[in-house]
Amino acid sequence: MISSRSILKAGVLLLFAPLALAAERDLDPEQLALTYHKLAGKAFDFDRHAAASRVVGQASGFDRPDVLKQEIARQRAVFDTASDQIVFETDIQNSISDYDHDRGEFSVAIFEPGSYMPVYFNRQEYRVVFANAAQARAIRMPKEEAREFDRRIMRDGNRSVMTPVRFRIVGDGDPAGAVSGQYVVRAELISAQVLDGDGSVLATPDFTATPAAPPVSFDPLAVDAGGLRVGVTADQLEAAVTRLYRKPVRRPRGPRSDSDPRFTGSIEIDLMECIYVPSSRDREPVPGDVCLRAFYDKDGIVRQVRIQGVLPRFDYEQARSAAIARFGPATAVSGGSTPQLSWGTSDPALGPGLTLRIDPYGNSLSFGSGDVRAGSLDLTLTDTAWAAATAAPAN
Amino acid sequence: MSVQCPGLRLAPVALLLALVACGGGAPGDAANPSAASLPASRGEVWMIDPASPTDAQVLAFLNGVHRFVLKDNEIYTATTRLDTAKVDGALTAATLAGDLQLRIESQGVQPILVFSSGPRGPLRKYEAPEPKP
């Protein structure tokens with residue numbers, strides 16, 4: 001194993017959201033960023049990053065072209081040697097919760113769901129999420145011991161602790177779907193300790209007892225979206241929709257259709273019925289409404305289904321955690337007013353195997369400023385294996 | 001071995017096709033063996049009451065049981081058939097993903113959808129409107 005330590009101290013800022021956090025021992029943010037880009041398969045602009053580097057900025061105008069070339073070559077060398085065997089080490093300043101009397105445990109903030117460790121490299125934020133943090137989160141003990149433990153933590157008048165960690169980068173995205181951002185680094189803890197202000201060990205989580213589960217590949221054929229599956233015949237799906245909802249509209253793909261040319265037709269309960277147009281006499285979507293659209297291929301097999309359910313306004317966290325329990329660790333999550341979780345590999349035109357748009361306050365249910373008093377869950381399931389194996393027909 | 005369908009006598013090699021053609025509750029087509037056909041007319045369609053607690057509606061939609069056909073003790077959610085089991089005190093029960101259990105209980109004449117994680121909501125019968133001519 002290769003160990004990364006303290007190559008570049010400048011430029012790294014570690015913060016913990018929502019709690020402040022600072023690094024003492026230093027990992028190399030450049031190595032972390034480049035390892036992430038390599039393992040996640042995300043493009044890295046060597047020219048731009050090298051041009052923005054300090055060494056190029058400090059070079060004279062005469063020497064700059066040569067220094068730039070050298071810097072690009074150096075960064076490429078770091079990238080080329082990056083692997084999931086590189087062990088990063090740092091100390092995280094964070095905090096420990098009050099004792100939970102019902103659960104009989106303290107909780108370490110950095111290991112709670114939704115927590116991440118920001119690392120900055122060339123003004124880009126990389127959010128490091130520990131995929132196996134759940135194994136380190138709780139410090140369990142009976143109430144009698146907890147009283148003394150709590151007194152020891154509070155000796156300095158606060159609940160701050162130091163958490164030295166060793167970890168490897170294993171991929172992209174928060175498997176719990178709770179952390180979003182442009183660069184979410186999925187890491188796996190190898191070891192960790194929780195230290196008090198004097199450096200005495202409060203806890204040493206055991207990562208050997210239940211090693212992190214290997215990533216499970218997502219199979220769109222093995223799940224359903226709101227009960228609907230891909231890989232069934234269009235007739236089968238149409239009959240089910242007719243009985244469960246109402247007779248859908250089935251139409252062949254027209255020559256001017258903007259749908260994917262690999263599809264030959266669609267089955268739909270008008271998606272526009274789940275969107276309110278305030279200026280018209282449109283009916284406002286209400287809980288219980290369902291809109292859906294399925295596309296089928298030349299053999300009449302359904303390859304993509306989208307189903308949108310209108311619900312009363314709901315709690316985002318409730319939907320997120322239910323979705324992770326239902327579909328497994330998310331591959332990616334994007335933020336915004338209507339967060340989106342996704343699973344599985346992605347087709348360039350059709351998107352990931354499964355996406356879920358979580359809209360607790362109905363932002364997507366109206367055009368303009370219409371205030372629809374409902375929320376929405378919107379699932380799109382795509383047969384990405386079929387998509388990868390199917391070329392668009394020649395015109 | 002042979003399979004009887006109305007007016008047909010089929011060879012063993014046609015077993016799978018025959019099961020599909022015979023109607024409700026059949027496995028899906030060869031493209032997706034996990035799928036199932038919704039019974040064409042048997043059983044009754046139920047939906048979770050839109051006035052149910054929100055947590056029950058979120059769980060129901062994500063697990064595809066916001067609307068389903070209940071035939072005897074079998075549950076069909078569009079093109080999916082759930083693995084059900086008879087359980088004391090429930091009309092039927094099914095195991096969903098993530099160790100979540102689903103029970104359909106009867107409170108008087110009112111069926112209730114009950115999730116093992118706690119959320120529950122009443123069901124109401126649904127009949128799709130006749131297609132417009």
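Every value quoted in this text rests on a predicted model; they were computed, and no experiment measured them.

*Asks:* Explain the overall build of chain A to me, using residue names and the numbers behind them.
*Replies:* Helices and strands together make up the secondary structure of chain A, namely nine helices and 18 strands. In chain A, which comprises 395 residues, the share counted as buried stands at 40%. A separation of at least 24 residues holds for 66% of the contacts in chain A among residues at least 6 apart in sequence.

*Asks:* Break down the sheet that holds strand E6 (residues 80-81) of chain B for me, with residues and values.
*Replies:* All names here are of chain B. The strand order across the open sheet formed by nine strands is E6-E5-E4-E3-E11-E10-E9-E8-E7, and the pairing between neighbours is antiparallel. Edge positions in the sheet fall to E6 and strand E7 (84-85), since each of these pairs with one other strand and no more. Inspection of the sheet shows strand E8 (residues 92-95) paired to strand E9 (residues 101-107) by four bridges, in the antiparallel sense. Note that in E9 the partner of Thr-92 across the bridge is Ile-104. Along the sheet face, helix H2 (residues 54-62) touches strand E3 (44-48), strand E10 (110-115) and strand E11 (120-125) and points at about 80° away from the line of E10.

*Asks:* Could you give me a rundown of the sheet that holds strand E16 (residues 340-347) of chain A, with the residues and numbers involved?
*Replies:* Residue and element names in this part refer to chain A. Strand order across the open sheet formed by eight strands is E11-E12-E13-E14-E18-E17-E16-E15, with antiparallel pairing between neighbours. With one partner strand each, in any of the chains shown, strand E11 (249-252) and strand E15 (332-334) form the two edges of the open sheet. Looking at each pair of strands side by side, their axes are set apart by 15° on average, direction ignored. Of the pairings in the sheet, the one linking E11 to strand E12 (residues 265-269) comprises four bridges and is antiparallel in character. Paired with Arg-250 across the two strands is Ile-267, which belongs to E12. Contacting E11, E12, strand E13 (290-296) and strand E14 (302-311), helix H7 (residues 234-244) crosses the sheet at an angle of about 10° to E12. The strands that helix H8 (residues 316-327) touches are E16, strand E17 (351-359) and strand E18 (375-382); relative to E17, the one it contacts most, it runs at about 155°.

*Asks:* Describe the confidence of the model for chain A, listing the residues and the values that go with them.
*Replies:* Of the residues in chain A, 90% reach a pLDDT of 70 or more, and the chain-wide mean stands at 86. For the stretch residues 1-24 of chain A, pLDDT sits under 50, and the model shows 64 contacts to residues farther than four places along the chain or on other chains.

*Asks:* Which residues make up the interface of chain B and chain A, and what values go with them?
*Replies:* The interface of chain B with chain A comprises 33 residues on the first partner and 35 residues on the second. Contributions of two or more residues to the side of chain B that touches chain A are made by H2 and strand E4 (67-71) of chain B. At seven residues, H2(B) tops the list of elements feeding residues into the side of chain B that touches chain A. Looking at side-chain class alone, the side of chain B that touches chain A contains 17 nonpolar, 13 polar and three charged residues.

*Asks:* For the confidence of the model for chain B, give the residues involved together with the corresponding values.
*Replies:* Residue and element names in this part refer to chain B. Averaged over chain B, the pLDDT score is 79; the fraction of residues at 70 or greater is 76%. Across chain B, the element-wise mean pLDDT spans from 33 in strand E1 (residues 3-5) up to 97 in H2. Low confidence marks residues 1-30, where pLDDT is under 50. Its contacts with residues over four positions away, or in another chain, come to 43 contacts.

*Asks:* Break down the packing of helix H1 (residues 29-40) of chain A against helix H4 (residues 64-81) of chain A for me, with residues and values.
*Replies:* All names here are of chain A. Where H1 meets H4, the closest approach of the two axes is 8 Å, and the angle between their N-to-C directions is 60°. Considering their axes alone, H1 and H4 lie oblique with respect to each other. In this structure, the crossing between H1 and H4 has a hand that is right-handed. Along the contact surface, H1 presents Glu-30, Gln-31, Leu-34 and Lys-38, while H4 presents Gln-75, Val-78 and Phe-79. Each residue belonging to the contact of H1 with H4 can be placed in one class, and the counts come to three nonpolar, two polar and two charged.

*Asks:* I'd like a description of the nonpolar core, backed by residues and values.
*Replies:* Counting 78 residues, the largest nonpolar core has Leu237(A), Leu292(A), Ala294(A), Val302(A), Val305(A), Leu354(A) and Leu113(B) as the members making the most contacts within it. Residues contacting Val305(A), with those up to four places away along its chain left out, are Ala225(A), Leu228(A), Val230(A), Leu292(A), Ala294(A) and Leu381(A).

*Asks:* Describe H7(A), and please don't skip the residues or the numbers.
*Replies:* Of all the positions in H7(A), only Ala234(A), Gln236(A), Leu237(A), Ala240(A), Val241(A), Arg243(A) and Leu244(A) are classed as buried. Those residues of H7(A) hidden inside the fold are in contact with E12, E13 and E14 of chain A together with E3 and E4 of chain B.

*Asks:* Give a detailed account of the environment of Met141(A), specifying residues and quantitative values.
*Replies:* Residue and element names in this part refer to chain A. Its place among the elements puts Met-141 in the loop between strand E6 (138-140) and helix H6 (143-153). Once the C-alpha coordinates of Met-141 and Tyr-99 are considered, the two residues, 42 residues apart in sequence, prove to be 9.4 Å apart. When near neighbours in sequence (up to four residues on either side) are disregarded, Met-141 contacts Gly-104, Ala-146 and Phe-149.

*Asks:* I'd like to hear about the environment of Lys125(B), residue by residue, with values.
*Replies:* Residue and element names in this part refer to chain B. Among the structural elements, Lys-125 can be located in strand E11. Each C-alpha atom, one on Lys-125 and one on Phe-68, is 9.8 Å from the other, the two residues being 57 residues apart in sequence. Setting aside chain neighbours within four positions, we find Lys-125 in contact with Glu-44, Val-45 and Trp-46.

Criteria and cut-off values
Residues numbered from 1 in each chain as written. Chains lettered and ligands numbered in written order. Predicted model: local features only at pLDDT ≥ 70, side-chain atom pairs only at ≥ 80, totals over all residues. Helix = DSSP H or I, 4+ residues; strand = E, 2+ residues; numbered from the N terminus. Buried ≥ 20, exposed ≤ 12 C-beta atoms within 10 Å, placed from the backbone. Contact = placed C-beta atoms within 7 Å. Pairing = 2+ DSSP bridges. Axes fitted to C-alpha atoms, helices over the stretch in contact; angles between N-to-C directions. pLDDT = per-residue confidence, 0-100. Nonpolar A, V, L, I, M, F, W, Y, C, P; charged D, E, K, R; others polar. Parallel < 35°, antiparallel > 145°, perpendicular 65-115°, else oblique. Left-handed = near helix turned anticlockwise from the far one by under 90°. Core = buried A, V, L, I, M, F, W, Y, C linked by C-beta atoms within 7 Å.

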